[in-house]
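Examination of the molecular architecture
Chain by chain, the residues:
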Amino acid sequence: MATDETGQDPRLPPDARLDSLEKRLDRLQEAEAKRTYKATPNPTTRIWQLMFSHLVGAPVGGGVIGWGLDTLFGTFPTLFLIMLFVGFGVGVVNVMRISKTPPGGSSGTGS
């Protein structure tokens, strides 16, 4: 007996149950694809986020550490300003390191 690509005998009328099953299966596959869809992040956006976080976080972290040391030793503006500038320098070095990594390659946290 010869069959066509649907697996049915070409001389027989199309089976309505099979068509209904195929339609339901297509709808369920589309719903599953929508449910499990994950947006792919843009690598350039990730690099900008890393650069911004290093440029802001390093000076803030240095300032907080300097403020804590100044409070501990009683030398308020000295260590605060030194650590603030050290933090800024560390942030700039990290941004230079991140800018050398290709987009989509490493996450910018490894060497």
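Quick summary incoming for the structure in this document. These numbers were taken from a predicted model, which means no experiment stands behind them.

Focus on the overall build of the protein chain
Within the protein chain one finds three helices and zero strands. Helices and strands in the protein chain line up, N terminus first, as α-α-α. Scored against the burial criterion, the 111 residues of the protein chain give a buried share of 16%. Taking as baseline every contact in the protein chain between residues at least 6 positions apart, the subset at least 24 positions apart corresponds to 42%.

A word on the pattern of salt bridges
Within the structure shown, the criterion is met by one salt bridge. The salt bridge involving E32 is made with R35; its shortest N-O contact spans 2.8 Å. Of this pair, E32 and R35 both sit in helix α1 (residues 16-35), three residues apart, which is roughly one turn of the helix. For E32, a relative accessible area of 38% corresponds to the partly exposed category. Residue classification places R35 among the exposed residues on the basis of a relative accessible area of 62%.

A few points about the side chain of D70
Looking at the element boundaries, D70 is found in helix α2 (residues 43-73). Buried charged residue D70 carries no salt bridge. Nearest counter-charge: R97, at 26 Å. D70 has contacts with T75, F76, P77, T78, L79 and F80, leaving out every residue within four places of it along the chain.

Details of the packing of α2 against helix α3 (residues 76-99)
Between α2 and α3, whose axes approach to 7 Å, the crossing angle comes to 160 degrees. In terms of orientation, α2 and α3 fall into the roughly antiparallel class. Crossing geometry of α2 relative to α3 is assigned as right-handed. Residue composition of the contact of α2 with α3, grouped by class: 20 nonpolar, eight polar and one charged.

Quick notes on the nonpolar core
Across soluble globular proteins, nonpolar side chains have a tendency to be buried as a group. In this structure, I47, L50, M51, V95 and I98 together form the largest nonpolar core, which totals five residues. Counting residues per element, the ones that place at least two in this core are α2 and α3. Among the elements that take part in this core, α2 stands out by supplying three residues, more than any other.

Criteria and cut-off values
Residues numbered from 1 in each chain as written. Predicted model: local features only at pLDDT ≥ 70, side-chain atom pairs only at ≥ 80, totals over all residues. Heavy atoms only, no water. Helix = DSSP H or I, 4+ residues; strand = E, 2+ residues; numbered from the N terminus. Buried < 20%, exposed > 50% of the residue type's maximum accessible area, 1.4 Å probe, protein only. Contact = heavy atoms within 4.5 Å. Salt bridge = Lys/Arg side-chain N within 4 Å of Asp/Glu carboxyl O. Lys, Arg positive; Asp, Glu negative; His and termini not counted. Axes fitted to C-alpha atoms, helices over the stretch in contact; angles between N-to-C directions. Parallel < 35°, antiparallel > 145°, perpendicular 65-115°, else oblique. Left-handed = near helix turned anticlockwise from the far one by under 90°. Nonpolar A, V, L, I, M, F, W, Y, C, P; charged D, E, K, R; others polar. Core = buried A, V, L, I, M, F, W, Y, C linked by side-chain atoms within 4.5 Å.

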